[in-house]
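Understanding the architecture of this molecule
Chain residues, written in single-letter form:
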Amino acid sequence: MREQLTQKDVERIQAEIDHRKLVVRKEAIEAVKEARAQGDLSENFEYYAAKRDKNKNESRIRYLERMLKTATVISEDSREDEVGLNNTVEIYLEEDQEVETYRLVTSIRGNSLKGMISIESPLGKAIRGRKVGDRVCVKVNDSYSYYVVIRRIIKTEDDGSDTIRSF
């Protein structure tokens, strides 16, 4: 599946790639050299740990580069009265009779523990583009769905303070 990223997400990912290539890679190579210089590699834990860290960094770089290569860049813009990307939304859950607040973000930044839901999640798909007062059916799967009512939309600027989720 292609990731949907905003231009700011792309810039953050590119900054992480650059940091990993220019800083972390050099540190990892140096750590491997130092550990190798300690002698017998068959019992050298530091060497294997340094190699593992170097390989993790290279894997992360490849993952991020592949993500950028296949990503679809989407706009953060939405109409003033619609739920859009990076908006904070207050919804009323009819089934639970509770009000909850979420921020709609791209899938790589989704973090339900921080109240950030992905535009690819069932709830995110259902409420994106809706207006205050809309009653929306959130279809989780073929056998379960629930209704929410959009109570308030708060336009928020993307401050870039949250990090890109790693896998």
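Going by what an unreviewed UniProt entry lists, the protein chain is known as Transcription elongation factor GreA and is assigned to Candidatus Egerieimonas intestinavium.

**With respect to the overall build of the protein chain**
A tally of regular secondary structure across the protein chain gives three helices and seven strands. Counted from the first residue to the last, the protein chain has its helices and strands arranged as β-α-α-β-β-β-β-α-β-β. On C-alpha atoms alone, the protein chain measures out to a radius of gyration of 21 Å, which is more than a quarter above the 15 Å that the 2.2 N^0.38 rule sets for 167 residues. Across its three principal axes, the protein chain shows a C-alpha extent of roughly 70 × 30 × 25 Å. Per-residue burial over the protein chain gives 38% buried out of 167 residues. Intrachain contacts of the protein chain at a sequence separation of at least 6 include 55% that bridge at least 24 residues. A total of about 10,300 Å² of accessible surface is found on the protein chain, and carbon and sulfur atoms cover 48% of it.

**Here's the deal with the sheet that holds strand β6 (residues 135–141)**
Within the open sheet, the five strands sit side by side as β5-β4-β3-β7-β6. Their pairing is mixed. The sheet is open, and its two edges are formed by β5 (116–118) and β6, each paired on a single side. Direction aside, the axes of adjacent strands within the sheet are offset by 45° on average. Pairing geometry for strand β4 (residues 98–105) and β5, over three bridges, is parallel. When the bridges of β5 are listed, R103 appears paired with M116.

**With respect to the pairing of β4**
Examined bridge by bridge, strand β3 (residues 88–93) and β4 share six bridges and lie antiparallel to one another. Looking across to β4, one finds that L93 is bridged to E98. If you look at the hairpin formed by β3 and β4, you'll find four residues sitting between the two strands, and Q97 has a positive phi there, around 55°.

**Brief notes about the side chain of S118**
By secondary structure assignment, the location of S118 is in strand β5. In this structure the side chain of S118 is engaged in a polar contact, spanning 2.8 Å, whose partner is the backbone nitrogen of E120. Setting aside chain neighbours within four positions, we find S118 in contact with L104, V105, T106, S107 and G124.

**Some words on the packing of helix α1 (residues 7–36) against helix α2 (residues 45–70)**
Closest axis-to-axis distance for the α1/α2 pair is 9 Å, and the angle between their directions is 160°. Relative to α2, α1 is oriented roughly antiparallel. In the packing of α1 onto α2, the handedness of the crossing is left-handed. For the contact of α1 with α2, a count of residues per class yields 15 nonpolar, two polar and eleven charged.

**Concerning α2**
The end-to-end C-alpha distance of α2 is 38 Å, a good match for the 38 Å that 26 residues give at a rise of 1.5 Å each. Listing the buried residues of α2 in full gives Y47, A49, A50, N57, E58, R60, I61, L64 and M67.

Thresholds, definitions, all that
Residues numbered from 1 in each chain as written. Predicted model: local features only at pLDDT ≥ 70, side-chain atom pairs only at ≥ 80, totals over all residues. Heavy atoms only, no water. Helix = DSSP H or I, 4+ residues; strand = E, 2+ residues; numbered from the N terminus. Rg over C-alpha atoms; globule rule 2.2 N^0.38 Å. Buried < 20%, exposed > 50% of the residue type's maximum accessible area, 1.4 Å probe, protein only. Contact = heavy atoms within 4.5 Å. Areas by Shrake-Rupley, 256 points an atom, 1.4 Å probe, with all protein chains shown as cover. Pairing = 2+ DSSP bridges. Axes fitted to C-alpha atoms, helices over the stretch in contact; angles between N-to-C directions. Polar contact = N/O pair within 3.5 Å; in protein donor to acceptor, adjacent residues only side chain to side chain. Parallel < 35°, antiparallel > 145°, perpendicular 65-115°, else oblique. Left-handed = near helix turned anticlockwise from the far one by under 90°. Nonpolar A, V, L, I, M, F, W, Y, C, P; charged D, E, K, R; others polar. Expected span 1.5 Å × (residues − 1).

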